[in-house]
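Descriptive analysis of the structure
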Amino acid sequence: DILLRVTRSRDIRSPSISELFNQRSINIGSVADDPSLPGANAGPGYNPNPGQVTSYTGGNPDLDVEAADTLTFGASLTPSFIPGFNLSVDYYDIDIGNAITAQSRDAVIVSCAGGNSTACANIIRDSSGTITTIFSGQQNIAQFKTSGIDFEASYVRPLGTGNLRLRGL
């Protein structure tokens, strides 16, 4: 009628070939700058919303491995007094260190505003302080955390010549 489960793991993922060695690509688009960032609003002609910002994305051969600590526990109920019914409830908590990602142009600006000096170094400005270039290739970010609860319920009942199946996630 009841099955209990618990998993605790340490997971490691190396960067993929494309994350390491993808060729650089160029994109041009607009960004919304934060005038309080280092180097911004440095002089006349400063534009807080430049429309022609060049961004470079691509692989990064200096990436390190991701490491995650994961905890899950839950239960599955298949009560004998309700034939065909199944209920599963699982809690998960995942904490990834050195997570590999390529940030968007706007995410680089937000990271810089949050005090990330590496993100600030990836923003190039002209003499007025207007952003001209952003480097947003693959990188190891500090951390990615998530947790939550998953529910799944299903019910199967014979109906005529077939079965009635209900499922909710």
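Now for a description of the structure that goes with this document. This one's a predicted model, so the numbers in the text were calculated from it and none came from an experiment.

Each value, and the rule that gives it
Residues numbered from 1 in each chain as written. Predicted model: local features only at pLDDT ≥ 70, side-chain atom pairs only at ≥ 80, totals over all residues. Heavy atoms only, no water. Helix = DSSP H or I, 4+ residues; strand = E, 2+ residues; numbered from the N terminus. Contact = heavy atoms within 4.5 Å. Disulfide = S-S within 2.5 Å. Buried < 20%, exposed > 50% of the residue type's maximum accessible area, 1.4 Å probe, protein only. Pairing = 2+ DSSP bridges. Axes fitted to C-alpha atoms, helices over the stretch in contact; angles between N-to-C directions.

1. A word on the environment of Ala119
By the element assignment, Ala119 lies in helix H3 (residues 117–121). The spatial distance from the C-alpha of Ala119 to the C-alpha of Phe135 is 8.6 Å, given a sequence separation of 16 residues. Among all residues touching Ala119, those that are not within four sequence positions of it are Val108, Ser111 and Cys112.

2. Observations concerning the state of the cysteines
Each disulfide consists of one covalent bond between the sulfur atoms belonging to two cysteines. Enumeration over the complete set of coordinates arrives at one disulfide. Disulfide partner of Cys112: Cys120, at an S-S distance of 2.0 Å. Between Cys112 and Cys120 the disulfide shows an S-S torsion of about 100°. By sign, it is right-handed. Cys112 gets classed as buried once you look at its relative accessible area, which sits at 6%.

3. As for the sheet that holds strand E5 (residues 85–97)
Two strands in a sheet stick together by hydrogen bonds in their backbones, pointing the same way (parallel) or opposite ways (antiparallel). Strand order in this open sheet of five strands is E1-E4-E5-E10-E11, and the pairing throughout is antiparallel. Here the strands that pair on one side only, and so sit at the sheet edges, are strand E1 (2–13) and strand E11 (162–168). Neighbour-to-neighbour, the strand axes of the sheet open up by a mean angle of 15°, direction not taken into account. Relative to E11, strand E10 (residues 143–159) runs antiparallel, the two being bridged by seven bridges. Residue pairing across strands places Leu159 opposite Gly162, the latter belonging to E11.

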